[in-house]
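Residue-level listing of the chains:
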Amino acid sequence: MEQCACVERELDKVLQKFLTYGQHCEQSLEELLCHVGQLRAELASAALQGTPLSATLSLVMSQCCRKIKDTVQKLASDHKDIHSSVSRVGKAIDRNFDSEICGVVSDAVWDSRETQQQILQMAIVEHLYQQGMLSVAEELCQESTLDVDLDFKQPFLELNRILEALHEQDLGPALEWAASHRQRLLELNSSLEFKLHRLHFIRLLAGGPEKQLEAISYARHFQPFARLHQREIQVMMGSLVYLRLGLEKSPYGHLLDSSHWAEICETFTRDACSLLGLSVESPLSVSFASGCVALPVLMNIKAVIEQRQCTGVWSHKDELPIEIELGMKCWYHSVFACPILRQQTSDANPPIKLICGHVISRDALNKLINGGKLKCPYCPMEQNPADGKRIIF
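About the cut-offs
- Here the residue index of a chain counts from 1 through its sequence in written order.
- pLDDT decides what is reported in this predicted model: residues at 70 or higher carry local features, side-chain atom pairs at 80 or more are listed and counted, and totals for whole chains, interfaces and linings draw on all residues regardless.
- Side-chain descriptors were evaluated using all non-hydrogen atoms of the structure, hydrogens and water having been removed beforehand.
- Only protein atoms enter the 1 Å grid, on which a cavity is a set of points fitting a 1.4 Å probe that cannot get out and a pocket is an open set with protein on both sides within 12 Å along at least 5 of 7 lines, lining residues being those with an atom within 4 Å of a point.
- Grid points are joined across faces, edges and corners, and a volume is the space filled by probe spheres set on the points.
- Secondary structure is summarised from DSSP: a helix means a run of H or I of at least four residues, a strand means a run of E of at least two, and numbering begins at the N terminus for each.
- Under the scheme applied here, ten amino acids are nonpolar (Ala, Val, Leu, Ile, Met, Phe, Trp, Tyr, Cys and Pro), four are charged (Asp, Glu, Lys and Arg), and all others, including Gly, are polar.
- UniProt positions are given in the numbering used here, feature names are shortened, and annotations may be inferred rather than shown by experiment.
- What counts as an axis is a line fitted to C-alpha atoms, over the stretch in contact for a helix, and the angles between N-to-C directions run from 0 to 180 degrees.
- For this classification, under 35 degrees means roughly parallel, over 145 means roughly antiparallel, 65 to 115 means roughly perpendicular, and everything else is oblique.
- For any pair of crossing helices, the crossing counts as left-handed if the nearer helix is rotated counterclockwise from the farther one by less than a right angle, and right-handed if it is rotated clockwise.
- Whether two residues touch is decided by their heavy atoms; if any such pair falls within 4.5 Å, the residues are in contact.
- Only when DSSP finds a minimum of two bridges between them are two strands counted as paired.
- Surface patches are defined over residues having more than 30% relative accessible area and no salt bridge, joining like charges when they lie within 9 Å and nonpolar side chains (Val, Leu, Ile, Met, Phe, Trp, Tyr) when within 5 Å.
- Per-residue and other accessible areas follow the Shrake-Rupley method at a 1.4 Å probe size, with only the shown protein chains counted as cover for residues.
- Whenever a carboxyl oxygen of Asp or Glu lies within 4 Å of a side-chain nitrogen of Lys or Arg, that contact is scored as a salt bridge.
- Relative accessibility thresholds used throughout: buried, under 20% of the residue-type maximum; exposed, over 50%; partly exposed, between the two (1.4 Å probe, protein chains only).

Trainee: Now, about empty space enclosed by the protein: what can you tell me, with residues and values included?
Mentor: Unfilled space is identified by rolling a water-sized probe across the atoms. Applying the stated rule across the entire model yields one cavity of 30 Å³ or more. Lining the largest cavity are Lys-195, Arg-198, Leu-199, Ile-202, His-260, Glu-263 and Ile-264. Every element with two or more residues in the lining of the largest cavity is listed here: helix 8 (192-206) and helix 11 (259-276). By residue number, the principal contributor to the lining of the largest cavity is helix 8, which donates four residues. A per-class count over the lining of the largest cavity returns three nonpolar, one polar and three charged.

Rendered as C-alpha coordinates:
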(Lines give C-alpha, C1' and ligand atoms only; values in the text may rest on other atoms or scores of the structure.)
Protein backbone atom coordinates (compact mmCIF):
# COMPACT_ATOMS: atom_id res chain seq x y z
CA MET A 1 0.00 0.00 0.00
CA GLU A 2 2.93 2.33 0.63
CA GLN A 3 3.93 2.01 -3.03
CA CYS A 4 0.40 2.99 -4.13
CA ALA A 5 0.48 5.97 -1.75
CA CYS A 6 3.79 7.17 -3.25
CA VAL A 7 2.40 7.06 -6.79
CA GLU A 8 -0.84 8.68 -5.64
CA ARG A 9 1.08 11.60 -4.11
CA GLU A 10 2.91 12.23 -7.41
CA LEU A 11 -0.39 11.99 -9.28
CA ASP A 12 -2.04 14.49 -6.91
CA LYS A 13 0.80 16.93 -7.61
CA VAL A 14 0.21 16.64 -11.36
CA LEU A 15 -3.55 17.08 -11.00
CA GLN A 16 -3.04 20.14 -8.81
CA LYS A 17 -0.66 21.63 -11.39
CA PHE A 18 -3.16 20.96 -14.17
CA LEU A 19 -5.87 22.72 -12.16
CA THR A 20 -3.65 25.71 -11.33
CA TYR A 21 -2.38 25.94 -14.91
CA GLY A 22 -5.90 25.85 -16.30
CA GLN A 23 -7.09 28.62 -14.00
CA HIS A 24 -4.02 30.77 -14.68
CA CYS A 25 -4.29 30.19 -18.44
CA GLU A 26 -7.97 31.13 -18.51
CA GLN A 27 -7.39 34.28 -16.43
CA SER A 28 -4.41 35.40 -18.54
CA LEU A 29 -6.22 34.90 -21.84
CA GLU A 30 -9.29 36.77 -20.58
CA GLU A 31 -7.11 39.73 -19.57
CA LEU A 32 -5.37 39.71 -22.95
CA LEU A 33 -8.67 39.52 -24.85
CA CYS A 34 -10.07 42.41 -22.83
CA HIS A 35 -6.94 44.50 -23.45
CA VAL A 36 -6.85 43.69 -27.17
CA GLY A 37 -10.57 44.45 -27.43
CA GLN A 38 -10.08 47.91 -25.94
CA LEU A 39 -7.12 48.60 -28.23
CA ARG A 40 -9.13 47.48 -31.24
CA ALA A 41 -11.94 49.83 -30.31
CA GLU A 42 -9.50 52.75 -30.04
CA LEU A 43 -7.97 51.92 -33.44
CA ALA A 44 -11.41 51.72 -35.02
CA SER A 45 -12.35 55.07 -33.50
CA ALA A 46 -9.14 56.66 -34.82
CA ALA A 47 -9.79 55.23 -38.29
CA LEU A 48 -13.34 56.62 -38.35
CA GLN A 49 -12.09 60.08 -37.40
CA GLY A 50 -9.37 59.87 -40.05
CA THR A 51 -6.68 60.94 -37.58
CA PRO A 52 -3.15 59.53 -37.89
CA LEU A 53 -1.89 57.00 -35.33
CA SER A 54 -0.71 58.93 -32.28
CA ALA A 55 2.57 58.23 -30.49
CA THR A 56 0.64 57.20 -27.38
CA LEU A 57 -1.45 54.68 -29.31
CA SER A 58 1.65 53.31 -31.00
CA LEU A 59 3.29 52.83 -27.59
CA VAL A 60 0.18 51.08 -26.27
CA MET A 61 0.21 48.74 -29.30
CA SER A 62 3.87 47.83 -28.81
CA GLN A 63 3.26 47.19 -25.08
CA CYS A 64 0.25 45.02 -25.95
CA CYS A 65 2.32 42.96 -28.40
CA ARG A 66 5.06 42.56 -25.80
CA LYS A 67 2.52 41.47 -23.18
CA ILE A 68 1.03 38.90 -25.54
CA LYS A 69 4.49 37.49 -26.28
CA ASP A 70 5.44 37.34 -22.58
CA THR A 71 2.13 35.66 -21.66
CA VAL A 72 2.48 33.02 -24.37
CA GLN A 73 6.07 32.28 -23.29
CA LYS A 74 4.98 32.01 -19.64
CA LEU A 75 2.13 29.63 -20.50
CA ALA A 76 4.45 27.52 -22.68
CA SER A 77 7.00 27.35 -19.86
CA ASP A 78 4.36 26.30 -17.32
CA HIS A 79 3.04 23.68 -19.75
CA LYS A 80 6.56 22.30 -20.17
CA ASP A 81 6.87 22.04 -16.40
CA ILE A 82 3.69 19.96 -16.31
CA HIS A 83 5.28 17.51 -18.79
CA SER A 84 8.15 16.94 -16.36
CA SER A 85 5.65 16.31 -13.53
CA VAL A 86 3.82 13.75 -15.66
CA SER A 87 7.10 11.96 -16.38
CA ARG A 88 7.79 11.83 -12.63
CA VAL A 89 4.56 9.84 -12.19
CA GLY A 90 5.86 7.23 -14.64
CA LYS A 91 9.19 7.11 -12.82
CA ALA A 92 7.37 6.69 -9.49
CA ILE A 93 5.45 3.74 -10.94
CA ASP A 94 8.66 2.13 -12.22
CA ARG A 95 10.38 2.76 -8.88
CA ASN A 96 7.60 1.41 -6.66
CA PHE A 97 6.28 -1.48 -8.73
CA ASP A 98 8.06 -4.48 -10.20
CA SER A 99 6.91 -4.95 -13.78
CA GLU A 100 8.38 -8.46 -13.91
CA ILE A 101 5.60 -10.42 -12.19
CA CYS A 102 5.73 -13.52 -14.39
CA GLY A 103 7.87 -15.27 -11.79
CA VAL A 104 4.95 -15.63 -9.38
CA VAL A 105 2.76 -17.33 -11.98
CA SER A 106 3.17 -20.95 -12.95
CA ASP A 107 3.90 -21.55 -16.63
CA ALA A 108 1.45 -24.46 -16.52
CA VAL A 109 -1.44 -22.00 -16.13
CA TRP A 110 -1.29 -21.33 -19.86
CA ASP A 111 -0.65 -24.92 -21.01
CA SER A 112 -4.16 -25.12 -22.42
CA ARG A 113 -3.88 -21.66 -23.87
CA GLU A 114 -7.09 -21.60 -25.88
CA THR A 115 -9.20 -22.93 -23.02
CA GLN A 116 -7.65 -20.53 -20.50
CA GLN A 117 -8.15 -17.59 -22.86
CA GLN A 118 -11.82 -18.45 -23.20
CA ILE A 119 -12.21 -18.62 -19.41
CA LEU A 120 -10.55 -15.22 -19.05
CA GLN A 121 -12.67 -13.69 -21.81
CA MET A 122 -15.82 -15.12 -20.21
CA ALA A 123 -14.86 -13.58 -16.86
CA ILE A 124 -14.36 -10.19 -18.54
CA VAL A 125 -17.68 -10.45 -20.38
CA GLU A 126 -19.51 -11.37 -17.17
CA HIS A 127 -17.92 -8.39 -15.41
CA LEU A 128 -19.00 -6.03 -18.20
CA TYR A 129 -22.57 -7.35 -18.13
CA GLN A 130 -22.70 -7.00 -14.35
CA GLN A 131 -21.44 -3.40 -14.55
CA GLY A 132 -24.13 -2.54 -17.10
CA MET A 133 -21.63 -2.05 -19.95
CA LEU A 134 -23.75 -4.13 -22.31
CA SER A 135 -22.55 -2.69 -25.62
CA VAL A 136 -18.90 -3.20 -24.66
CA ALA A 137 -19.63 -6.81 -23.65
CA GLU A 138 -21.39 -7.49 -26.97
CA GLU A 139 -18.46 -5.99 -28.89
CA LEU A 140 -15.98 -8.17 -26.99
CA CYS A 141 -18.07 -11.27 -27.72
CA GLN A 142 -17.98 -10.49 -31.44
CA GLU A 143 -14.27 -9.73 -31.58
CA SER A 144 -13.29 -12.80 -29.53
CA THR A 145 -15.85 -15.07 -31.27
CA LEU A 146 -17.14 -15.95 -27.82
CA ASP A 147 -20.59 -17.56 -27.91
CA VAL A 148 -22.59 -16.33 -24.91
CA ASP A 149 -25.95 -17.96 -24.35
CA LEU A 150 -29.00 -15.68 -24.05
CA ASP A 151 -29.97 -17.39 -20.77
CA PHE A 152 -26.64 -16.21 -19.35
CA LYS A 153 -27.24 -12.61 -20.43
CA GLN A 154 -30.88 -12.33 -19.39
CA PRO A 155 -30.43 -11.95 -15.58
CA PHE A 156 -27.83 -9.20 -16.07
CA LEU A 157 -30.00 -7.39 -18.62
CA GLU A 158 -32.97 -7.47 -16.25
CA LEU A 159 -30.96 -6.34 -13.22
CA ASN A 160 -29.41 -3.43 -15.10
CA ARG A 161 -32.78 -2.34 -16.49
CA ILE A 162 -34.27 -2.19 -12.99
CA LEU A 163 -31.19 -0.51 -11.48
CA GLU A 164 -31.23 2.17 -14.17
CA ALA A 165 -34.88 2.85 -13.32
CA LEU A 166 -34.04 3.07 -9.60
CA HIS A 167 -31.23 5.54 -10.31
CA GLU A 168 -33.84 7.67 -12.06
CA GLN A 169 -36.10 7.25 -8.98
CA ASP A 170 -38.58 5.08 -10.89
CA LEU A 171 -39.84 2.34 -8.55
CA GLY A 172 -42.23 0.69 -11.02
CA PRO A 173 -39.93 -2.00 -12.53
CA ALA A 174 -38.46 -2.91 -9.12
CA LEU A 175 -41.92 -3.24 -7.52
CA GLU A 176 -43.12 -5.39 -10.41
CA TRP A 177 -40.04 -7.63 -10.11
CA ALA A 178 -40.37 -7.94 -6.31
CA ALA A 179 -44.07 -8.86 -6.58
CA SER A 180 -43.36 -11.57 -9.14
CA HIS A 181 -40.61 -13.05 -6.92
CA ARG A 182 -42.39 -12.48 -3.57
CA GLN A 183 -42.35 -16.08 -2.35
CA ARG A 184 -38.67 -16.64 -3.07
CA LEU A 185 -37.77 -13.30 -1.46
CA LEU A 186 -39.69 -14.33 1.67
CA GLU A 187 -37.69 -17.56 1.78
CA LEU A 188 -34.54 -15.41 1.84
CA ASN A 189 -36.01 -13.26 4.67
CA SER A 190 -35.71 -10.29 2.34
CA SER A 191 -37.40 -6.99 3.17
CA LEU A 192 -36.91 -5.64 -0.37
CA GLU A 193 -40.60 -5.41 -1.31
CA PHE A 194 -41.50 -3.61 1.94
CA LYS A 195 -38.66 -1.11 1.47
CA LEU A 196 -39.82 -0.40 -2.08
CA HIS A 197 -43.39 0.25 -0.90
CA ARG A 198 -42.07 2.39 1.96
CA LEU A 199 -40.01 4.49 -0.45
CA HIS A 200 -43.04 5.00 -2.70
CA PHE A 201 -45.08 6.04 0.34
CA ILE A 202 -42.36 8.54 1.31
CA ARG A 203 -42.43 9.99 -2.20
CA LEU A 204 -46.14 10.59 -1.78
CA LEU A 205 -45.49 12.28 1.58
CA ALA A 206 -42.95 14.55 -0.10
CA GLY A 207 -45.76 15.74 -2.38
CA GLY A 208 -47.34 17.61 0.53
CA PRO A 209 -50.98 17.80 1.68
CA GLU A 210 -52.24 17.35 -1.89
CA LYS A 211 -50.97 13.74 -1.80
CA GLN A 212 -52.33 12.92 1.67
CA LEU A 213 -55.37 10.91 0.53
CA GLU A 214 -53.28 9.04 -2.05
CA ALA A 215 -50.67 8.22 0.63
CA ILE A 216 -53.33 6.91 3.04
CA SER A 217 -54.80 4.79 0.26
CA TYR A 218 -51.36 3.43 -0.68
CA ALA A 219 -50.72 2.44 2.96
CA ARG A 220 -52.86 -0.66 2.32
CA HIS A 221 -49.80 -2.17 0.64
CA PHE A 222 -48.17 -2.45 4.09
CA GLN A 223 -50.72 -4.99 5.33
CA PRO A 224 -48.71 -8.13 4.38
CA PHE A 225 -45.66 -6.70 6.20
CA ALA A 226 -47.41 -5.50 9.39
CA ARG A 227 -46.08 -8.30 11.59
CA LEU A 228 -42.40 -7.93 10.68
CA HIS A 229 -42.25 -4.16 10.17
CA GLN A 230 -44.76 -2.82 12.64
CA ARG A 231 -42.46 -0.12 14.05
CA GLU A 232 -41.53 1.32 10.63
CA ILE A 233 -45.18 1.39 9.57
CA GLN A 234 -46.15 3.22 12.76
CA VAL A 235 -43.46 5.85 12.09
CA MET A 236 -44.69 6.45 8.55
CA MET A 237 -48.34 6.72 9.59
CA GLY A 238 -47.39 9.09 12.42
CA SER A 239 -45.68 11.38 9.93
CA LEU A 240 -49.07 12.15 8.33
CA VAL A 241 -49.84 14.39 11.32
CA TYR A 242 -47.09 16.82 10.25
CA LEU A 243 -47.89 16.75 6.55
CA ARG A 244 -49.67 20.14 6.50
CA LEU A 245 -47.00 21.80 8.67
CA GLY A 246 -44.11 20.59 6.49
CA LEU A 247 -42.56 17.17 6.92
CA GLU A 248 -38.98 18.37 6.36
CA LYS A 249 -39.06 20.47 9.58
CA SER A 250 -40.80 17.82 11.68
CA PRO A 251 -39.39 14.95 13.80
CA TYR A 252 -40.00 12.79 10.72
CA GLY A 253 -37.72 14.82 8.45
CA HIS A 254 -35.31 11.86 8.21
CA LEU A 255 -37.84 10.07 6.01
CA LEU A 256 -37.03 12.50 3.19
CA ASP A 257 -33.30 11.75 3.31
CA SER A 258 -31.94 11.10 -0.21
CA SER A 259 -29.76 8.26 1.15
CA HIS A 260 -32.83 5.99 1.00
CA TRP A 261 -32.39 5.75 -2.79
CA ALA A 262 -28.79 4.57 -2.51
CA GLU A 263 -29.86 2.09 0.16
CA ILE A 264 -32.66 0.63 -1.99
CA CYS A 265 -30.23 0.17 -4.91
CA GLU A 266 -27.84 -1.77 -2.65
CA THR A 267 -30.66 -3.85 -1.16
CA PHE A 268 -32.08 -4.70 -4.58
CA THR A 269 -28.66 -5.65 -5.97
CA ARG A 270 -27.85 -7.87 -2.98
CA ASP A 271 -31.22 -9.65 -2.79
CA ALA A 272 -31.70 -10.00 -6.54
CA CYS A 273 -28.22 -11.47 -6.99
CA SER A 274 -28.81 -13.86 -4.09
CA LEU A 275 -32.14 -14.97 -5.57
CA LEU A 276 -30.71 -15.45 -9.08
CA GLY A 277 -27.60 -17.25 -7.83
CA LEU A 278 -25.24 -14.43 -8.85
CA SER A 279 -22.47 -12.82 -6.83
CA VAL A 280 -22.98 -9.20 -5.80
CA GLU A 281 -19.46 -8.40 -6.98
CA SER A 282 -18.16 -9.81 -10.23
CA PRO A 283 -15.62 -12.64 -9.87
CA LEU A 284 -13.16 -10.61 -11.97
CA SER A 285 -13.26 -7.59 -9.66
CA VAL A 286 -12.86 -9.82 -6.59
CA SER A 287 -9.93 -11.66 -8.18
CA PHE A 288 -8.30 -8.38 -9.17
CA ALA A 289 -8.69 -6.90 -5.67
CA SER A 290 -7.31 -10.09 -4.10
CA GLY A 291 -4.38 -10.07 -6.52
CA CYS A 292 -3.53 -6.48 -5.57
CA VAL A 293 -3.26 -7.60 -1.94
CA ALA A 294 -1.42 -10.85 -2.61
CA LEU A 295 0.99 -9.81 -5.36
CA PRO A 296 3.37 -7.66 -3.23
CA VAL A 297 3.64 -10.48 -0.68
CA LEU A 298 4.36 -13.04 -3.42
CA MET A 299 6.97 -10.78 -5.02
CA ASN A 300 8.73 -10.41 -1.66
CA ILE A 301 8.79 -14.14 -0.95
CA LYS A 302 10.00 -14.79 -4.52
CA ALA A 303 12.92 -12.41 -3.95
CA VAL A 304 13.78 -14.11 -0.64
CA ILE A 305 13.65 -17.58 -2.24
CA GLU A 306 15.95 -16.50 -5.07
CA GLN A 307 18.33 -14.77 -2.67
CA ARG A 308 18.66 -17.87 -0.47
CA GLN A 309 18.80 -20.18 -3.51
CA CYS A 310 16.02 -22.47 -2.32
CA THR A 311 13.81 -22.41 -5.39
CA GLY A 312 12.48 -25.92 -4.68
CA VAL A 313 10.43 -24.59 -1.77
CA TRP A 314 7.78 -23.21 -4.10
CA SER A 315 6.55 -25.71 -6.66
CA HIS A 316 4.03 -23.31 -8.31
CA LYS A 317 1.38 -26.05 -8.34
CA ASP A 318 -1.63 -25.80 -6.03
CA GLU A 319 -0.14 -24.17 -2.96
CA LEU A 320 1.48 -20.92 -1.92
CA PRO A 321 4.79 -20.79 -0.04
CA ILE A 322 3.22 -18.70 2.73
CA GLU A 323 -0.25 -17.94 4.02
CA ILE A 324 -1.70 -14.69 2.65
CA GLU A 325 -4.43 -12.93 4.61
CA LEU A 326 -6.97 -11.27 2.29
CA GLY A 327 -9.31 -10.09 5.05
CA MET A 328 -12.83 -11.03 6.11
CA LYS A 329 -14.27 -9.57 2.90
CA CYS A 330 -12.81 -12.50 0.94
CA TRP A 331 -14.16 -15.20 3.27
CA TYR A 332 -16.85 -17.03 1.30
CA HIS A 333 -16.95 -20.35 3.17
CA SER A 334 -15.60 -21.85 6.37
CA VAL A 335 -12.03 -23.10 6.08
CA PHE A 336 -9.96 -24.43 8.94
CA ALA A 337 -6.19 -24.75 8.77
CA CYS A 338 -4.51 -26.77 11.52
CA PRO A 339 -2.45 -24.38 13.70
CA ILE A 340 0.06 -27.18 14.38
CA LEU A 341 0.71 -28.70 10.95
CA ARG A 342 -0.29 -25.58 8.98
CA GLN A 343 -2.44 -27.70 6.67
CA GLN A 344 -6.00 -27.18 5.57
CA THR A 345 -8.27 -29.86 6.98
CA SER A 346 -10.20 -32.25 4.76
CA ASP A 347 -12.59 -35.20 5.04
CA ALA A 348 -9.60 -37.50 5.50
CA ASN A 349 -8.02 -35.18 8.06
CA PRO A 350 -10.93 -33.38 9.79
CA PRO A 351 -10.71 -30.77 12.59
CA ILE A 352 -10.94 -32.20 16.13
CA LYS A 353 -12.12 -30.23 19.18
CA LEU A 354 -10.29 -31.12 22.39
CA ILE A 355 -11.87 -31.10 25.84
CA CYS A 356 -10.13 -27.80 26.64
CA GLY A 357 -11.82 -26.18 23.62
CA HIS A 358 -8.79 -25.90 21.32
CA VAL A 359 -9.10 -27.29 17.80
CA ILE A 360 -6.42 -29.12 15.84
CA SER A 361 -6.41 -31.56 12.94
CA ARG A 362 -6.67 -35.32 13.42
CA ASP A 363 -3.16 -35.85 11.99
CA ALA A 364 -1.78 -33.37 14.53
CA LEU A 365 -3.68 -35.13 17.33
CA ASN A 366 -2.20 -38.52 16.35
CA LYS A 367 1.32 -37.08 16.31
CA LEU A 368 0.91 -35.50 19.75
CA ILE A 369 -0.20 -38.72 21.49
CA ASN A 370 2.42 -39.88 23.98
CA GLY A 371 1.85 -42.97 26.11
CA GLY A 372 -1.83 -43.04 25.37
CA LYS A 373 -2.26 -39.49 26.62
CA LEU A 374 -2.54 -36.18 24.79
CA LYS A 375 -1.28 -32.86 26.11
CA CYS A 376 -2.87 -29.86 24.45
CA PRO A 377 -0.20 -27.81 22.63
CA TYR A 378 -1.87 -24.57 23.77
CA CYS A 379 -2.65 -25.29 27.41
CA PRO A 380 -1.24 -27.81 29.95
CA MET A 381 -4.42 -29.92 30.09
CA GLU A 382 -3.84 -33.65 29.66
CA GLN A 383 -6.69 -35.66 28.21
CA ASN A 384 -7.69 -38.87 26.54
CA PRO A 385 -7.31 -38.60 22.71
CA ALA A 386 -10.58 -40.53 22.33
CA ASP A 387 -12.46 -37.65 23.98
CA GLY A 388 -11.77 -35.35 21.02
CA LYS A 389 -14.81 -34.63 18.87
CA ARG A 390 -14.90 -34.00 15.17
CA ILE A 391 -16.15 -30.56 14.12
CA ILE A 392 -18.04 -29.89 10.92
CA PHE A 393 -17.94 -26.25 9.83
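More follows now that the structure is in view.
Trainee: Account for the UniProt feature "zinc finger region: RING-Gid-type" (unreviewed entry) in the protein chain, with residues named and values stated.
Mentor: UniProt's entry tags residues 338-379 with the feature "zinc finger region: RING-Gid-type" (unreviewed entry), counted in the numbering of this structure. For residues 338-379, the end-to-end C-alpha separation is 16 Å, with 17% helix and 26% strand making up the annotated structure.

Trainee: Would you mind going over the packing of helix 5 (residues 150-167) against helix 11 in detail, with residue names and values included?
Mentor: Following both chains from N to C, one finds helix 5 and helix 11 inclined at 165°, their axes separated by 10 Å at the closest point. One finds that helix 5 runs roughly antiparallel with respect to helix 11. In terms of crossing hand, the pair formed by helix 5 and helix 11 is right-handed. Residues Pro-155, Leu-159, Ile-162, Leu-163, Leu-166 and His-167 of helix 5 touch helix 11, and the partners they reach there are Trp-261, Ile-264, Cys-265, Phe-268, Thr-269, Ala-272, Cys-273 and Leu-276. Residues of the contact of helix 5 with helix 11, tallied by class, amount to twelve nonpolar, two polar and no charged.

Trainee: Go over the sheet that holds strand 2 (residues 359-361) with me, naming the residues and quoting the values.
Mentor: Taken in spatial order, the three strands line up as 2-1-6 in an open sheet, and their pairing is antiparallel. Looking at strand neighbours, the two that pair on one side only are strand 2 and strand 6 (389-390), the edges of this open sheet. As judged from the two bridges shared by strand 1 (residues 351-353) and strand 6, these two strands associate in the antiparallel manner. Along strand 6, the bridge assignment pairs Ile-352 with Arg-390.

Trainee: How would you sum up a nonpolar patch on the surface? Please name residues and give values.
Mentor: Where nonpolar side chains cluster on the molecular surface, the patch consists of Val-36, Ile-68 and Val-72 and spans about 210 Å² of accessible area. If you trace the backbone, Ile-68 turns up in helix 2 (residues 55-96). We classify Ile-68 as partly exposed; its relative accessible area is 31%.

Trainee: Any chance you could break down the packing of helix 5 against helix 6 (residues 172-180) for me, citing the residues and the numbers?
Mentor: Viewed as axis vectors pointing N to C, helix 5 and helix 6 meet at an angle of 135°, and their least axial separation amounts to 7 Å. The orientation of helix 5 relative to helix 6 falls into the category oblique. On helix 6, the residues touching Glu-158, Arg-161, Ile-162, Ala-165 and Leu-166 of helix 5 are Pro-173, Ala-174 and Trp-177. For the contact of helix 5 with helix 6, a count of residues per class yields six nonpolar, no polar and two charged.

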